[in-house]
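Okay, here's what each chain looks like letter by letter:
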Amino acid sequence: LGGDGGDLPTELDTMSVLAFVIPISAVLRLLDEGPPALLRTRARDLWKLRACVVLVTLALGAANAALIARFDGLPVKHLFAVVLAQSALGVLGCCALGSARGWIVPGTVTLIATTPGLLPWEINAVYNQQLTATMIAIAGLLTILGVTAYVTLGLERARVNEEETS
């Protein structure tokens, strides 16, 4: 940080956004489904279990963000939407890459959004709090996509990709 503290609020915003990628990546491990052989021979459909697991996963990240935002005086709605979007991107990443590498998608998007000058302020919904409604809509859309992908596909596509690269 600079010596005069003039850049402190910007740094705190960046840290509050980046700091959630680590717990999100840890929570994404809840999406693991077990050995592929057991999944292929299952007697019941997994959609109910998958729906519960993915919704709990998303709720953990978003509730964590809301709680921290509330206690730290950060904008609760905005940070909630950002972290929900990051979590949903993580779920999509897990469906494509596996739960161990699912963090790559929200991590990459977050780095792009937090790189100074890369996204113009007018469209950077991660930082521009005037775009909170847009960020909420983005988070909602990503949540629907992430839940749908995980409930219907689980980590099957990621396993196929892993088997092809092995």
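A quick note: this is a predicted structure, and the numbers were derived from the prediction, not measured. (Residues numbered from 1 in each chain as written. Predicted model: local features only at pLDDT ≥ 70, side-chain atom pairs only at ≥ 80, totals over all residues. Heavy atoms only, no water.)

Draft legend 1. The arrangement of the overall build of the protein chain in detail. When you go through the protein chain residue by residue, the secondary structure sums to eight helices and zero strands. In the protein chain, the order of α-helices and β-strands from amino to carboxyl end is α-α-α-α-α-α-α-α. Counting across all 166 residues of the protein chain, residues that qualify as buried make up 39%. Long-range pairs, those at least 24 residues apart, make up 70% of the contacts in the protein chain with a sequence separation of at least 6. If you sum the accessible surface of the protein chain, you get close to 9500 Å²; carbon and sulfur atoms cover 68% of it. (Helix = DSSP H or I, 4+ residues; strand = E, 2+ residues; numbered from the N terminus. Buried < 20%, exposed > 50% of the residue type's maximum accessible area, 1.4 Å probe, protein only. Contact = heavy atoms within 4.5 Å. Areas by Shrake-Rupley, 256 points an atom, 1.4 Å probe, with all protein chains shown as cover.)

Draft legend 2. Representation of the environment of V21. Tracing the backbone through its elements, the reader meets V21 in helix α2 (residues 21–27). Distance in space between the C-alpha atoms of V21 and T110 is 8.2 Å, their sequence separation being 89 residues.

Draft legend 3. Fine view of the layout of surface pockets. Its volume calculated, the second largest pocket comes out at about 210 Å³. Lining the second largest pocket are 16 residues, and of these V109, A113, V126, M135 and I138 lie nearest its centre. Listing elements by their share of the lining of the second largest pocket, those giving two or more residues are α5 (76–97), α6 (104–114) and α7 (132–153). Here the lining of the second largest pocket gets four residues from one element, more than from any other, and that element is α5. The residue inventory of the lining of the second largest pocket, partitioned by class, reads 13 nonpolar, three polar and no charged. (1 Å grid on protein atoms, 1.4 Å probe; cavity = no way out; pocket = protein on both sides within 12 Å on 5 of 7 lines; lining within 4 Å. Points joined across faces, edges and corners; volume = space filled by probe spheres on them. Nonpolar A, V, L, I, M, F, W, Y, C, P; charged D, E, K, R; others polar.)

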